[in-house]
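Residues per chain are reported as follows:
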There are 2 protein chains.
Amino acid sequence: MGVLDLQQAVLAAASLPQRRAIAKAITLLESTRDDHRKQADELLTALLPHTGKSFRLGISGVPGVGKSTFIETLGLFLIDKGHRVAVLTIDPSSTVSGGSILGDKTRMERLSVHERAYIRPSPSSGTLGGVAEKTREAMLVCEAAGYDIVIVETVGVGQSETAVAGMTDMFVLLQLPNAGDDLQAIKKGVMELADLVVINKADIDKDAATRAQAQITSALRLFGHHGNPAHAQAMHAAHATPGSPEAEIRFWQPRVMQLSALLGTGVDAFWTAVSEFKSLQIANGRLTMRREKQALAWMWERIDAGLKHAFRHHPHVRELLPQTIAAVTGGTLPASTAARNLLAAQDHHTNI
Amino acid sequence: MGVLDLQQAVLAAASLPQRRAIAKAITLLESTRDDHRKQADELLTALLPHTGKSFRLGISGVPGVGKSTFIETLGLFLIDKGHRVAVLTIDPSSTVSGGSILGDKTRMERLSVHERAYIRPSPSSGTLGGVAEKTREAMLVCEAAGYDIVIVETVGVGQSETAVAGMTDMFVLLQLPNAGDDLQAIKKGVMELADLVVINKADIDKDAATRAQAQITSALRLFGHHGNPAHAQAMHAAHATPGSPEAEIRFWQPRVMQLSALLGTGVDAFWTAVSEFKSLQIANGRLTMRREKQALAWMWERIDAGLKHAFRHHPHVRELLPQTIAAVTGGTLPASTAARNLLAAQDHHTNI
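Keep in mind the model is a prediction, meaning the values are calculated, not measured. (Residues numbered from 1 in each chain as written. Chains lettered and ligands numbered in written order. Predicted model: local features only at pLDDT ≥ 70, side-chain atom pairs only at ≥ 80, totals over all residues. Heavy atoms only, no water.)

Q: Which parts of the structure should I look at to understand the environment of Thr-73 of chain A?
A: All names here are of chain A. For Thr-73, the location among the structural elements is in helix α4 (residues 67–80). We classify Thr-73 as partly exposed; its relative accessible area is 21%. A sequence separation of 194 residues divides Thr-73 from Val-267, and the C-alpha atoms of the two residues are 7.8 Å apart. Setting aside residues no more than four positions away along its own chain, Thr-73 makes contact with Ala-261, Gly-264 and Val-267. Of the polar contacts made by the side chain of Thr-73, one reaches the backbone oxygen of Thr-69; its length is 2.8 Å. (Helix = DSSP H or I, 4+ residues; strand = E, 2+ residues; numbered from the N terminus. Buried < 20%, exposed > 50% of the residue type's maximum accessible area, 1.4 Å probe, protein only. Contact = heavy atoms within 4.5 Å. Polar contact = N/O pair within 3.5 Å; in protein donor to acceptor, adjacent residues only side chain to side chain.)

Q: Would you mind showing me how to read the sheet that holds strand β5 (residues 170–175) of chain A here?
A: Whenever strands of a sheet pair, they do so through backbone hydrogen bonds, lying parallel or antiparallel. Residues and elements named next belong to chain A. Read from one edge to the other, the open sheet built from seven strands follows the order β3-β2-β4-β1-β5-β6-β7, with strand pairing classed as parallel. The open sheet terminates on both sides in strands that have one partner only, identified here as β3 (117–120) and β7 (255–258). Here the average twist between neighbouring strands, direction ignored, is 20°. Alignment of strand β6 (residues 196–199) against β7, held across four bridges, turns out to be parallel. Paired with Ile-199 across the strands is Gln-258, a residue of β7. (Pairing = 2+ DSSP bridges. Axes fitted to C-alpha atoms, helices over the stretch in contact; angles between N-to-C directions.)

Q: How do you make sense of the confidence of the model for chain A when you look at a structure like this?
A: Atomic detail in the predicted coordinates should be set aside for any region of low pLDDT. All names here are of chain A. Scored by pLDDT, chain A comes out at a mean of 85, with 84% of its residues at no less than 70. By mean pLDDT, the top-scoring element of chain A is helix α13 (residues 267–283) (97), and the lowest-scoring one is helix α11 (residues 229–238) (44). Counting interchain partners and residues more than four positions distant, the pLDDT-below-50 stretch residues 225–240 has 20 contacts. Reported confidence for the predicted complex is 0.80 by ipTM and 0.78 by pTM. (pLDDT = per-residue confidence, 0-100.)

Q: Please clarify how the relation of the copies chain A and chain B should be interpreted in this entry.
A: The operation relating the pair of chain copies consists of a rotation about an axis and a translation along that axis. Rotating chain A by 180° and translating it 0.1 Å along the rotation axis places it on chain B, where the RMSD comes to 0.1 Å. In short, the pair behaves as if placed about a two-fold rotation axis. Most of the interface of chain A is mirrored in chain B, where 100% of its interface residues again form contacts. (Least-squares fit on C-alpha atoms with pLDDT ≥ 70 in both.)

Q: Would you take a moment to explain the interface of chain A and chain B for this structure?
A: Quite often, the size of an interface is put as the accessible area lost when its parts meet. Listed per partner, the contact involves 53 residues of chain A and 53 residues of chain B. Summing both partners gives a buried area of about 4600 Å² for chain A against chain B, and 72% of it is carried by carbon and sulfur. At the surface where chain A touches chain B, the tally comes to eight salt bridges. Linking Asp-41 of chain B and Arg-340 of chain A is a salt bridge whose minimum nitrogen-to-oxygen distance equals 2.6 Å. Residue assignment for the side of chain A that touches chain B shows that the elements contributing at least two residues are α3 (34–47), α7 (128–144), α9 (179–187), α10 (206–227), α14 (286–312), α15 (315–330) and α16 (335–351) of chain A. Sorting elements by how many residues they give to the side of chain A that touches chain B places α14 of chain A first, with 14 residues. (Buried area = accessible area lost by both parts, 1.4 Å probe. Salt bridge = Lys/Arg side-chain N within 4 Å of Asp/Glu carboxyl O.)

Q: It is not clear to me how the side chain of Glu-133 of chain B should be interpreted in this structure. Could you clarify?
A: Checked against the element boundaries, Glu-133 of chain B lands in helix α7 (residues 128–144). In contact with Glu-133 of chain B, other than residues within four places in its own chain, are Ser-336 and Arg-340 of chain A together with Arg-37, Trp-298 and Arg-302 of chain B.

Q: Can you help me understand the sheet that holds strand β3 (residues 117–120) of chain B in this one?
A: Residue and element names in this part refer to chain B. Spatially, β3-β2-β4-β1-β5-β6-β7 is the arrangement adopted by the seven strands of the open sheet, whose pairing is parallel. Strands at the two margins of the open sheet, each flanked by one partner only, are β3 and β7 (255–258). Averaged over all adjacent pairs, the angle separating strand axes in this sheet is 20°, with direction ignored. Sheet topology places strand β2 (residues 85–90) next to strand β4 (residues 149–155); six bridges connect them, and they run parallel. Counted as the bridge partner of Leu-88 is Val-152 from β4.

Q: Mind showing me how you'd approach the pattern of salt bridges here?
A: Applying the stated rule across the entire model yields 28 salt bridges over all chains. The shortest N-O distance in the salt bridge between Arg-340 of chain B and Glu-137 of chain A comes to 3.7 Å. With Arg-340 of chain B in helix α16 (residues 335–351) and Glu-137 of chain A in helix α7, this pair bridges two chains. Owing to a relative accessible area of 1%, Glu-137 of chain A belongs among the buried residues under this scheme. Between Glu-133 of chain B and Arg-302 of chain B there is a salt bridge, with its nearest N and O atoms 2.7 Å apart. One end of the pair, Glu-133 of chain B, is in helix α7; the other, Arg-302 of chain B, is in helix α14 (residues 286–312), with 169 residues separating them in the sequence.

Structural data, given as structure tokens:
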């Protein structure tokens, strides 16, 4: 099947052949072969005008917080409301071990077989940057295929939350009702990425969940205006002349809510909050602004990765590197001089 | 004065001419002229065998925490014990505004005029990476000149704490006795960089200082084994067979202490803790390991900065960039395709 046929098949009405085409398109995107990469770029560019119409929801949380149950419950709830739901996963553990924390086949049993859902596990090789790139591209394919809610899920390991927050319209952090958990999230800088914090398993210990909710709420408030530019702008707007246009612009304040994915309680309220967020972000222009910033940040991130790759694989650099590293760690060559020498080696070689 | 003369003058016995030579050498390092940079590289390489003998102490804290008073008190205390003390500053605010939070001339009045002290304010232009590079190199000059304690100070803005922790043997975080302050430090990931947390101004509110000490101690413990590889290894060692060599290796556990720089109370205990840290790090090999890692990290950081700079200033890239950015934000070109196109533009142009 050529790129054009594949494009047509992805864009076709929801059907089993369409789902096969999506899987095929994503496999093409994940291929490391140069000719495949060329075709993938063509396909993506052709699909691009048909993308961007979904709401992109990022969900993260440590293992055991109940992400799968939450996503299955939410996904079925959304399908029931007439949506089509795609679920993509970024699993940094798979890039290290080849295995996967999130790859378990038995996850989301009911959602995975539903004809209005599409679930794709994490690409299982490459760096986090590479995996995130594939997921971002897979998201575009799902959008072109008419899935109007795309959920990108990740486990709270390494920098994967930042990657997911950087490709979604809204980032939701799932927390367990205990305090150590939120200190971790604060420490890792994940809390400040969250547009919404959900305390899951609230049914197990209502008191602990309520305490956690209060703690996280005050933590979000305490560092809100440092971490969150939207907050600073909202403060600014609040001090603007009453009646002036700036004073009318409202911004989202991160919230904390309780939920039990297992019992299904709170899912309705959760979706109401998400819908409010979406309306507000559309009204104040932040949805578009966020997507534009994300696309540019993504472009620069890929450029940086490409520059580093080219540098490290440059024959002249590879030749010089071992002795340079030895000289730097041995204390006979200043690190900054070493850097300049290696950069010059790459330039020199390329020019001749 | 040629590079050789300058080298000799820096290495000369402590004297006024030596101090002038140090200032001259650092000015040379800070110059952006290409011929100066060449001379600076020569000078650094010549001085390198004479460096590395000082203890490098990083100190950070938000404005108002009392860094200047602390460093002046500590500096005079150390001089009194026979040390020679150099104080260097990384001030990220100076890179943005040209002005400087830390640049106030009246700071450290007594230390700055002492013949056994050398104080150099932050380089006032360039990116944080550039400023940090100059400071790192200035540190080497001070070491070659026989200063056996080098203090690198920064204000808690942006990534400057990471830069300072990345060039010193020990990183000390100054905190005020109130809780919001340490949540900020946890959130920004600075707390986990700290080998020692000092609660300054403990005399003003003893109760608050004691509460803060307890809070920070438990925070450090709670995420200690995630943030701090030394901790994990210490845990490992503790589980090793008793009497085996691994069980003998001891690692530093971050501590929290109270101090009043203004009254001078606690400075003695502070220096005892620093000395313990130093002995331990020498005994378990971590001082050397940390410096080697820092030098290599520094080399790679400078390489990355150089690669980005070359890319952004490449004529073909500059030509393509505006339309590429417009296409990416306009949604007609996938970000990853844009990155590949720009990378290809740079390669192509260089090869012809």
